[in-house]
Amino acid sequence: MGLVEYQAAWDLQAEIAAGVAAGTLPATLLLLEHPHTFTFGRQGHIENMRWDESERARRGVAVHWVDRGGDVTYHGPGQLVGYPILPLAPLRQEAPAGDGYRRLPRGDFVGYVRNLEKALIRTLAGFGLVSGQIPGLTGVWVQPDVAARCPGCPPEARRKPSKIAAIGVKVDVKGVTRHGFALNIRTDMEYWGGIVGCGLDDPVVNLADLLPDPPSIDRVADRFIESFGWVFGYKMRPQAFPERENLPG
C-alpha cells in the first residue's frame, strides 16, 4: 500500500474488520509503511518515551495510544508493517473452511501470535537470514553471532539477541484480529532512540544491515505474502492499493 498515515490505516482496519465479521469480506492482509510514528499499546508506559514533545515535533513523529497488546514501538519509512484481519472461531467451535473465510481457533490466541512469528522467520530465511523466537517474549530476534558479522549494527547487538520484528495484536469482540507486526528492513535507527521499544532496552536491527545485498521492501512483502499463506493455510490473492481519496479519514 505504500506510505499510509497511521490513523488512516487504523480506520481502514476497522472498516475491513466489520466486513470480515459480517462475512461480506474475506480475510485480509494489509501491507504498508507508516510515516514516523510512536504507538503505545494497552500495556504502554509513558516513561518508555525518551523524547519530549518538542523533540518529537522537530523530528516529525506522531504519537498514538491504541488498543493492541504490548508497550511502545516505532513505525517509520523503511519498515514493512502488516495488519492481518482474520476471523477467529468462537471458543470450542471452528467454522468450516471456506475460500477466504477460513476461521482460526479463537482460543489459540498465543498460537496465532506464534504463527505470525513463524511467517516472519520463514520470510527472512528466504533471504538467507537466520532468525528465531525467544521463549517468553513476542517478536522475531537475530542472535549475536549473526550481528557479529554486521559492521553497521550497534555494539550491544554483538552481545545479546537483537529484535528485527515486533508484534502487537488485538482480537475484537467479534473475534476478528487487528494490528499485527513491524519488520525492520531499512529504517532510520535514530528514531528507535526516542523510546524504550516494547519496554525492553534491547538492541534493534535492520535487515539491510545484515545482508550484503539487501532486498527492497516490495521483495520482502512478496516473500511475506507467500510465507503467510503457507503458515496460515490461505490462498493469497494480492490486490492493488486503493486510491488515496478512498481511504478512511
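Read on for a plain summary of the structure.

Conventions used here
- Residues numbered from 1 in each chain as written.
- Predicted model: local features only at pLDDT ≥ 70, side-chain atom pairs only at ≥ 80, totals over all residues.
- Heavy atoms only, no water.
- Helix = DSSP H or I, 4+ residues; strand = E, 2+ residues; numbered from the N terminus.
- Buried < 20%, exposed > 50% of the residue type's maximum accessible area, 1.4 Å probe, protein only.
- Polar contact = N/O pair within 3.5 Å; in protein donor to acceptor, adjacent residues only side chain to side chain.
- Pairing = 2+ DSSP bridges.
- Axes fitted to C-alpha atoms, helices over the stretch in contact; angles between N-to-C directions.
- Contact = heavy atoms within 4.5 Å.

A few words now on the side chain of His75. You can see His75 is positioned in strand E4 (residues 72-75). In this structure His75 comes out as buried when scored by relative accessible area, which is 6%. Side-chain polar atoms of His75 contact the side chain of Gln79, separated by 2.9 Å.

This part is about the sheet that holds strand E8 (residues 140-142). In space, the five strands of this open sheet follow the order E1-E5-E10-E9-E8, with antiparallel pairing throughout. Each end of this open sheet is capped by a strand with a single partner; those strands are strand E1 (28-32) and E8. Within the sheet, the average angular offset between the axes of one strand and its neighbour, ignoring direction, is 10°. Its contacts with the sheet put helix H1 (residues 6-22) on E1, strand E5 (79-85) and strand E10 (177-184), and the angle it makes with E5 is roughly 25°. Strands in contact with helix H3 (residues 109-125) are E5, E8, strand E9 (162-171) and E10; relative to E9, the strand with the most contacts, it is inclined by about 145°.

With that settled, the discussion passes to the environment of Ile195. Inspection of the secondary structure puts Ile195 in the loop between E10 and helix H5 (207-210). Spatially, the C-alpha atom of Ile195 lies 7.3 Å from that of Thr73, the residues being 122 residues apart in sequence.

Don't take any of this as a statement about function, it's just geometry.
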